[in-house]
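If you want the building blocks of each chain, they are given just below.
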Amino acid sequence: MSSENLPQSPEQPPRKPRVAVVFGGRSSEHGISVVTAGAVLRAIDRTKYDVLPIGITTDGRWALTADEPERMAIADRKMPSVSELADSVEGGVMLPLDPGNREVVYSEPGSVPKALGEVDVVFPMLHGPYGEDGTLQGLLELSGVPYVGSGVLASAVGQDKDYMKRVFSSFGLNVGPYLVIRPREWQQDEEGARRRIADFAGEHGWPLFIKPARAGSSIGITKVDSFEGLDEAIAEAQHHDPKILIEALLRGREIECGVLEFEDGPRASVPAEIPPVQSHDYYDFDAKYIDSAPGIVPAPLTPEQTAEIQRLAVEAFEAASCEGLVRADFFLTEDGRFVINEINTMPGFTPISMYPQMWEKSGVSYPELVDRLIQAALTRSTGLR
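Being a predicted model, the structure only gives us computed values, none of them experimental. (Residues numbered from 1 in each chain as written. Predicted model: local features only at pLDDT ≥ 70, side-chain atom pairs only at ≥ 80, totals over all residues. Heavy atoms only, no water.)

Novice: Teacher, can you tell me more about the environment of Glu315 here?
Specialist: Tracing the chain through its elements places Glu315 in helix H10 (residues 303-319). For the pair formed by Glu315 and Val175, sequence separation is 140 residues and the distance between their alpha carbons is 14 Å. (Helix = DSSP H or I, 4+ residues; strand = E, 2+ residues; numbered from the N terminus.)

Right, here's the structure in full:
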């Protein structure tokens, strides 16, 4: 019998790329990470990708969760959590550590581990330490699994405001006056650390902003108008990070700009302005996420100012060796200078977050933004690049 007469098996349709959306985590930004992941899950094109939601609880357990983004929203001013979404209180998800194997495994105590299939790319929607700071990125590099966003070095630099400012200064970007108090200095010579803060206040004046050096979403930040509130502010910052940052007040406008990596390199979005919030002393966590302080997109700037901040945002992206995406935050001071405050290598993706809004006004819709980030990650190799 000729091969032409043999029954032909039907061709199998090509497998869709599988995206693991990882969210939650051990940092104080756990809740906003869940909210962000919910928005991304709603936006991913299910005709183009298979999706595997994986939540990390506040104690570090990797949990399998239901694909139910409607449960991942702020309700009655309360943040959602992975523990509320997890399929099991004990089961855990394990990524492979063999670069030749991308099979994800789920196991529960007393049960045979179950293979969940291969993962082609990870979308890490984690904010803060143990996720946005290079730790997860290092794990994925060891596993050989591509992922959205910056690599280990850029993620670590973007998380640590001390070293971030050092990198920016070395590349000629303007940064504001700041002081770092490290854990050992505070433990061994608390009075000496206080004197340094007093000298800093004497040079730059009050108020000062006391903040954790390696946290985000404006968590743990206190505006202090005198020595009277200093101890409480330091304790609040150290609750989130033993390394703290003291910053002088910069008088001016808060301007943000998004950077997105295209095939021909990084490009900047239209900028946005964060106006003063009447009900808040400054742009803190509640103003951002609970009371939904509105930004102005695009920011009312001159064409020259817009071009300048876009140039500086891309310079900051390149200076820190970023990949994928960044939100760069600046102050436009009263004397007309742009001073960079910080970058976020995984900025908020909630419906009210400024990064998606800036790109929406730049002609990139939310679903297109998510798709572009996934496609870029799928074409990028792990390892040295």
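Novice: Just checking my understanding: could you explain the environment of Leu369 for this structure?
Specialist: Its location among the elements puts Leu369 in helix H12 (residues 366-379). Sequence separation between Leu369 and Trp359 is 10 residues, and the spatial gap between their C-alpha atoms is 7.7 Å. Leaving out residues up to four positions away in the same chain, Leu369 has contacts with Leu260, Phe349, Tyr355, Pro356, Trp359 and Val364. (Contact = heavy atoms within 4.5 Å.)

Novice: What exactly am I supposed to notice about the pairing of strand S15 (residues 325-333) here?
Specialist: Taken across its nine residues, S15 has nine buried, putting it largely inside the fold. Burial along S15 is two-sided: Leu325, Arg327, Asp329, Phe331 and Thr333 and Val326, Ala328, Phe330 and Leu332, pointing in opposite directions, are all buried. In this sheet, S15 lies alongside strand S12 (residues 252-262) in antiparallel orientation, the contact comprising nine bridges. Counterpart to Val259 in the pairing with S15 is Val326. Here six bridges tie S15 to strand S16 (residues 338-344), and the two strands are oriented antiparallel to one another. Looking across to S16, one finds that Phe330 is bridged to Ile340. The hairpin turn running from S15 into S16, its antiparallel successor, is four residues long, and Gly336 in that turn takes a positive phi close to 90°. (Buried < 20%, exposed > 50% of the residue type's maximum accessible area, 1.4 Å probe, protein only. Pairing = 2+ DSSP bridges.)

Novice: Can you help me understand helix H8 (residues 230-240) in this one?
Specialist: The α-helix winds at 3.6 residues per turn, so residues separated by three or four positions along the chain end up facing the same way. The set of residues buried in H8 consists of Leu230, Ala233, Ile234 and Ala237. Mapping the buried residues of H8 onto a view down its axis gives an arc of 100°, with all of them on the same face. Seen from the buried face of H8, the exposed residues on the opposite side, beyond 90 degrees, are Glu232 and His239. Where H8 is buried, its residues contact helix H6 (183-188), helix H7 (190-204), strand S9 (208-212), strand S10 (222-224) and strand S11 (244-248). (Arc of directions from axis to C-beta.)

Novice: Honestly, the nonpolar core in this entry has me stumped. Any pointers?
Specialist: One broad trend across soluble globular proteins is that nonpolar side chains are buried collectively. Formed by 35 residues in total, the largest nonpolar core has its most connected members in Val21, Phe23, Ile44, Phe123, Met125, Phe349 and Val370. Broken down by secondary-structure element, the contributors of at least two residues to this core are strand S1 (18-24), helix H1 (30-43), helix H2 (82-85), strand S7 (121-125), S12, helix H11 (354-361) and H12. With 26 residues, the next largest nonpolar core counts Cys257, Leu312, Ala313 and Cys322 among its residues. (Core = buried A, V, L, I, M, F, W, Y, C linked by side-chain atoms within 4.5 Å.)

Novice: Help me understand the packing of aromatic side chains, please; the structure alone is not making it clear to me.
Specialist: Two aromatic rings, taken as a pair, are described by how far apart their centres are and by the angle between their planes. Under the criterion given, the structure shown has six aromatic pairs. Plain terms: the ring middles of Phe330 and Phe338 are 6.2 Å apart, the flat faces sit at 80° to each other, and that makes the pair edge-to-face. An identical accessibility class is assigned to Phe330 and Phe338; each is buried. In this structure an aromatic cluster arises from ring pairing among Phe123, Phe349, Tyr355 and Tyr366. Its end group placed over the ring of Tyr130, Arg26 keeps NZ or CZ at 4.0 Å from the ring centre. Seen from the ring of Tyr163, Arg166 lies directly overhead, with NZ or CZ sitting 5.4 Å from the centre. (Phe/Tyr/Trp six-rings, centres within 6.5 Å; stacked < 30°, edge-to-face > 60°. Lys NZ or Arg CZ within 6 Å of the ring centre and 35° of its normal.)

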